[in-house]
Amino acid sequence: LKHKIMKQCWEDQRPFLYMDSGYIGNRRNPMNPNGFKIWHRIVPNNLQHNEIVERPDDRWRRLQHPILPFKQAGKKILLAVPDEKPCKFYDVDLDTWTQNTIAQIKQYTDRPIEVRDRNPNRRERINNDMESALKDNVWALVTFNSIAATEAILAGIPAFVLAPCNAAMPVANTNLENLDKPFIPDDDLRQAWANHLAYGQFSNRELEDGTAHRIIKETFHD
């Protein structure tokens, strides 16, 4: 949906389904060696799945994605800036947001800051992915985007999310004042969160064969 239509639906209290990139499985992995975009999230009445609803773990297990222990051994703050799509939706000026966020980070920590721009070329993003960046001496991730935050939480790196709606909100931090002492979700909470996300994203095949339609009707009918 176009953002103007979505906002009009909110104003009119008209239900809708929003579809965009999935959270897990679109990077290179044993089930997707080329890193094709084969997973897509479907969200009722919002941009992101930003809560935890109890789900079985069957869909999560099929993704074969590890949930790593928290390390808290890195030194730097990785600031992953958003792309134009969420900026337009929330009327955010990217340069202003980046400068203001860096200034806020410096108020609360002396840790070095590395700014990671989102490469517009998907192939380049696959070759220089977030998973690799998170392994490079990162203490915490600060971001606007849900997928970056999701990858950090699954990799055992604390995430600070600044968008009004972010899929990682139930397991992330939202206040930069806590940069040096971030909230660390326990394993049970992360697993429940991962299970829910897995029930909100669907493969190309599942979009075609009716699986996505069935699950959306069964699990998000309210």
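Here is what the cut-offs are and how they apply
- Residues numbered from 1 in each chain as written.
- Predicted model: local features only at pLDDT ≥ 70, side-chain atom pairs only at ≥ 80, totals over all residues.
- Heavy atoms only, no water.
- Helix = DSSP H or I, 4+ residues; strand = E, 2+ residues; numbered from the N terminus.
- Rg over C-alpha atoms; globule rule 2.2 N^0.38 Å.
- Buried < 20%, exposed > 50% of the residue type's maximum accessible area, 1.4 Å probe, protein only.
- Contact = heavy atoms within 4.5 Å.
- Areas by Shrake-Rupley, 256 points an atom, 1.4 Å probe, with all protein chains shown as cover.
- Lys, Arg positive; Asp, Glu negative; His and termini not counted.
- Charge placed at Lys NZ, Arg CZ, Asp CG, Glu CD.
- Core = buried A, V, L, I, M, F, W, Y, C linked by side-chain atoms within 4.5 Å.
- Disulfide = S-S within 2.5 Å.
- Expected span 1.5 Å × (residues − 1).
- Phe/Tyr/Trp six-rings, centres within 6.5 Å; stacked < 30°, edge-to-face > 60°.
- Pairing = 2+ DSSP bridges.
- Axes fitted to C-alpha atoms, helices over the stretch in contact; angles between N-to-C directions.

> Describe the overall build of the protein chain, and please don't skip the residues or the numbers.
Looking only at helices and strands, one finds ten helices and seven strands in the protein chain. Here the protein chain has a C-alpha radius of gyration of 17 Å; the compact-globule value for 222 residues is 17 Å, and the two agree. Structurally, the protein chain occupies a C-alpha span of about 50 × 40 × 35 Å along its principal axes. Across the 222 residues in the protein chain, those meeting the buried criterion constitute 46%. A separation threshold of at least 6 residues defines the contact pool for the protein chain, and within that pool the share at least 24 residues apart is 64%. In the structure as shown, the protein chain presents an accessible area of about 11,900 Å², 48% of it carried by carbon and sulfur atoms. With 30 positive and 30 negative side-chain charges, the protein chain shows a spacing of 4 Å between the two charge centroids.

> Could you give me a rundown of the nonpolar core, with the residues and numbers involved?
Counting 30 residues, the largest nonpolar core has Met130, Leu134 and Leu141 as the members making the most contacts within it. If you list the elements that add at least two residues to this core, you get helix H2 (58-63), strand S3 (76-80), helix H6 (130-134), strand S5 (138-143), helix H7 (146-154), strand S6 (159-161) and helix H8 (187-198). When residues of this core are assigned to their parent elements, the largest contribution, five residues, is made by H7. Counting 13 residues, the second largest nonpolar core, distinct from the first, contains Leu79, Ala140, Val142 and Ala163.

> An account of the state of the cysteines is requested, with residue identities and associated values reported.
This structure, assessed with the given rule, holds zero disulfides. In this structure Cys165 is a free cysteine whose sulfur lies 15 Å from that of Cys87, the closest cysteine sulfur available. Looking at Cys165, the relative accessible area reads 7%, which means it is buried.

> How would you summarise helix H4 (residues 94-108) if you had to cite specific residues and measurements?
A rise of 1.5 Å per residue sets the reference length of H4, with its 15 residues, at 21 Å; its end C-alpha atoms lie 22 Å apart and thus fit the reference within 8%. Of the surrounding elements, those touching the buried residues of H4 are S3, strand S4 (113-116) and S5.

> I'd like a rundown of the packing of aromatic side chains, residues and numbers included.
Within the structure shown, the criterion is met by five aromatic pairs. Between Trp10 and Phe89, the ring centres sit 5.8 Å apart and the planes meet at 90°, which makes this aromatic pair edge-to-face. In this pair, Trp10 is assigned in helix H1 (residues 3-12) and Phe89 in helix H3 (residues 84-89), connecting sequence segments 79 residues apart. Plain terms: the ring middles of Tyr90 and Phe144 are 5.8 Å apart, the flat faces sit at 75° to each other, and that makes the pair edge-to-face. Linking Tyr90 in the loop between H3 and H4 with Phe144 in the loop between S5 and H7, this pair joins segments that are 54 residues apart in sequence.

> Which residues make up the sheet that holds strand S7 (residues 201-203), and what values go with them?
Pairing in this open sheet of three strands is antiparallel, and the strands run S1-S2-S7 from one edge to the other. Looking along the sheet, the strands with just one partner apiece sit at the ends: strand S1 (17-21) and S7. The mean inter-strand angle of the sheet, taken between neighbouring strand axes irrespective of direction, is 30°. Sheet topology note: the S1/strand S2 (residues 39-44) ladder contains five bridges and is antiparallel. Within the sheet, the bridge partner assigned to Leu17 lies in S2 and is Pro44. Packed onto the sheet, helix H10 (residues 211-219) meets S1, S2 and S7 and runs at close to 165° relative to S7.

> Describe the sheet that holds S5, with residues and values.
Pairing is parallel across the open sheet formed by four strands, whose spatial order is S4-S3-S5-S6. The sheet is open, and its two edges are formed by S4 and S6, each paired on a single side. Taking each pair of neighbouring strands and ignoring which way they run, the sheet shows an average axis angle of 20°. Packing of H4 onto the sheet brings it into contact with S3, S4 and S5, and relative to S3 it is tilted by some 160°. The strands touched by H7 are S3, S5 and S6; relative to S5, the strand with the most contacts, the crossing angle is about 155°.

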